[in-house]
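Reading the structure
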Amino acid sequence: MSEHTHNSDCVFCKIINGEIPSRKVYEDDKILVFHDINPSAPVHILCVTKIHIDSLNEVNSENISYVSHILEKIPEFAKSFGIDGGYRVVTNIGEDGGQSVKHLHFHVIGGKKLGYIG
Ligand code: 5GP
Ligand code: ZN
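Residues numbered from 1 in each chain as written. Chains lettered and ligands numbered in written order. Predicted model: local features only at pLDDT ≥ 70, side-chain atom pairs only at ≥ 80, totals over all residues. Heavy atoms only, no water.

So, the layout of surface pockets
Any space left empty among the atoms is revealed by the rolling of a water-sized probe across them. This is how the line gets drawn: Within this scheme a cavity is a closed region of a 1 Å grid, computed over the protein atoms alone, that accommodates a 1.4 Å probe without allowing it to escape, whereas a pocket is open but has protein on both sides within 12 Å along at least five of seven lines; lining residues each have an atom within 4 Å of a point. Grid points are joined across faces, edges and corners, and a volume is the space filled by probe spheres set on the points. Secondary structure elements follow DSSP: runs of H or I of four or more residues count as helices, runs of E of two or more count as strands, with numbering from the N terminus. Put simply, Ala, Val, Leu, Ile, Met, Phe, Trp, Tyr, Cys and Pro go in the nonpolar bin, Asp, Glu, Lys and Arg in the charged bin, and everything else, Gly too, in the polar bin.
Its boundaries defined by the atoms lining it, the largest pocket holds a volume of some 400 Å³. Taken together, 23 residues form the lining of the largest pocket, with Phe12, Asp36, Ile37, Asn38 and Leu46 sitting closest to its centre. Contributions of two or more residues to the lining of the largest pocket are made by helix H1 (11-17), strand E3 (31-35), strand E4 (43-49) and strand E7 (105-110). Its residues assigned to classes, the lining of the largest pocket shows ten nonpolar, eleven polar and two charged.

Looking at the site of ligand 1
What counts is decided by this rule: Definition of nearness: a residue and a molecule or strand are near each other if at least one heavy atom of the residue lies within 4 Å of the molecule or strand. In protein, a polar contact requires one atom able to donate a hydrogen and another able to accept it; more generally it is a pair of N or O atoms within 3.5 Å, and residues adjacent in sequence count only if both atoms are side-chain atoms. Only the protein chains shown count as covering a residue, and every accessible area follows the Shrake-Rupley method with a 1.4 Å probe.
Taken together, 16 residues surround ligand 1, and among them Asp36, Asn92, Ser100, Val101 and His107 come closest. Asp36 has a polar side-chain atom sitting 2.5 Å from an oxygen atom of ligand 1. The side chain of Ser100 places a nitrogen or oxygen atom 2.7 Å from an oxygen atom of ligand 1. Protein chains bury 82% of the 520 Å² of accessible surface belonging to ligand 1 in isolation.

Some details on the state of the cysteines
Which entries qualify depends on this criterion: We call a pair of cysteine sulfur atoms a disulfide whenever their separation is within 2.5 Å.
Applying the stated criterion across every chain yields a total of zero disulfides. Here Cys47 stays free of any disulfide, with the sulfur of Cys10 as its closest cysteine sulfur at 15 Å.

Some remarks on the sheet that holds strand E6 (residues 87-90)
Sheet strands associate in pairs through backbone hydrogen bonding, adopting either a parallel or an antiparallel arrangement. Using the following cut-off: At least two bridges found by DSSP between two strands are what make those strands a pair. To obtain each axis, a line is fitted to C-alpha atoms, and for helices this fit is confined to the stretch in contact; angles are then taken between N-to-C directions over 0 to 180 degrees. Any two residues whose heavy atoms approach within 4.5 Å at even a single point are treated as in contact.
The strand order across the open sheet built from five strands is E2-E3-E4-E7-E6, with neighbouring strands paired in antiparallel fashion. Pairing within the sheet leaves two strands with one partner each, and these edge strands are strand E2 (24-27) and E6. Direction aside, neighbouring strands of the sheet carry axes that sit 15° apart on average. In the sheet, E4 pairs with E7 via six bridges, with the strands oriented antiparallel. Bridge pairing links Val48 to His105 in E7. Sheet strands touched by helix H2 (residues 64-80): E2, E3, E4, E6 and E7. Its angle to E4, the strand with the most contacts, is close to 155°.

Concerning the packing of aromatic side chains
Put simply, the rule reads: Between 30 and 60 degrees the pair is tilted, below 30 it is stacked and above 60 it is edge-to-face, where a pair is any two Phe, Tyr or Trp rings, Trp via its six-membered ring, whose centres lie within 6.5 Å. Between buried and exposed lies partly exposed: a residue is buried under 20% and exposed over 50% of the maximum accessible area for its type, with that area taken using a 1.4 Å probe on protein chains only.
Taken as a whole and assessed by the stated rule, the structure comprises two aromatic pairs. Each ring, one from Phe12 and one from Phe34, has its centre 5.5 Å from the other, and the planes form 75°; the classification is edge-to-face. Taken as a pair, Phe12 in helix H1 and Phe34 in strand E3 lie far apart in primary sequence, 22 residues in all. An identical accessibility class is assigned to Phe12 and Phe34; each is buried. On the numbers, 5.3 Å between centres and 50° between planes, the contact of Tyr26 with Phe77 is tilted. Residue Tyr26 is found in strand E2, and its partner Phe77 is found in helix H2; the two are separated by 51 residues along the sequence.

Comments concerning the coordination of the zinc ion (ligand 2)
Our working definition: Each metal site is built from N, O and S donor atoms within 2.8 Å (3.2 Å for Na, K and Ca), and since water is not included, such sites may look incomplete. In these descriptions, tetrahedral denotes four donors with every angle between 85 and 135 degrees, square planar four donors and octahedral six donors with opposite donors over 155 degrees apart and the rest between 65 and 115, and irregular any other case.
Around the zinc ion (ligand 2), the donor atoms from the protein are Cys10 (SG), Cys13 (SG), His52 (ND1) and His103 (ND1), and they sit 2.0 to 2.3 Å away. Angles of 104 to 116° at the metal separate the four donor atoms of the zinc ion (ligand 2), which places the site in the tetrahedral class. All donors of the zinc ion (ligand 2) belong to a single chain; written as a sequence motif, their spacing is C-x2-C-x38-H-x50-H. On the criterion of sequence distance, the pair formed by His52 in strand E5 (residues 52-53) and His103 in the loop between E6 and E7 is long-range, its members being 51 residues apart.

Dropping the structure here:
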């Protein structure tokens, strides 16, 4: 199964459960947002769904509301950190995509001039 409410082996499920501490930015019933432990820019936060979804590959009509809620809130987070003039949203998928934590998350990165990727 690729989707559970919680996955006991998953670091982000442990953060959601409070088993692992994090520097929280925002939380509601669907999502948790916290600072990345190894930031790649002055602002680097992670937006995670409160249910365990492995990656964007496992998004479907049942769980899309968790994902759309993250996307809906991201501009608010960007504004609160003063980076709404320009920033980057990234979700890595699978081995070749560089996904190291297999729990769907969106990186919100900014606060400096970001190099071109794509
Ligand atoms: P990925 O490589 O899967 O796209 O991103 C995983 C991100 O999670 C990395 O940027 C990494 O620094 C971050 N990360 C991994 N473990 C922890 C942790 O225990 N706490 C926090 N706050 N971030 C973590
Ligand atoms: Zn998880």
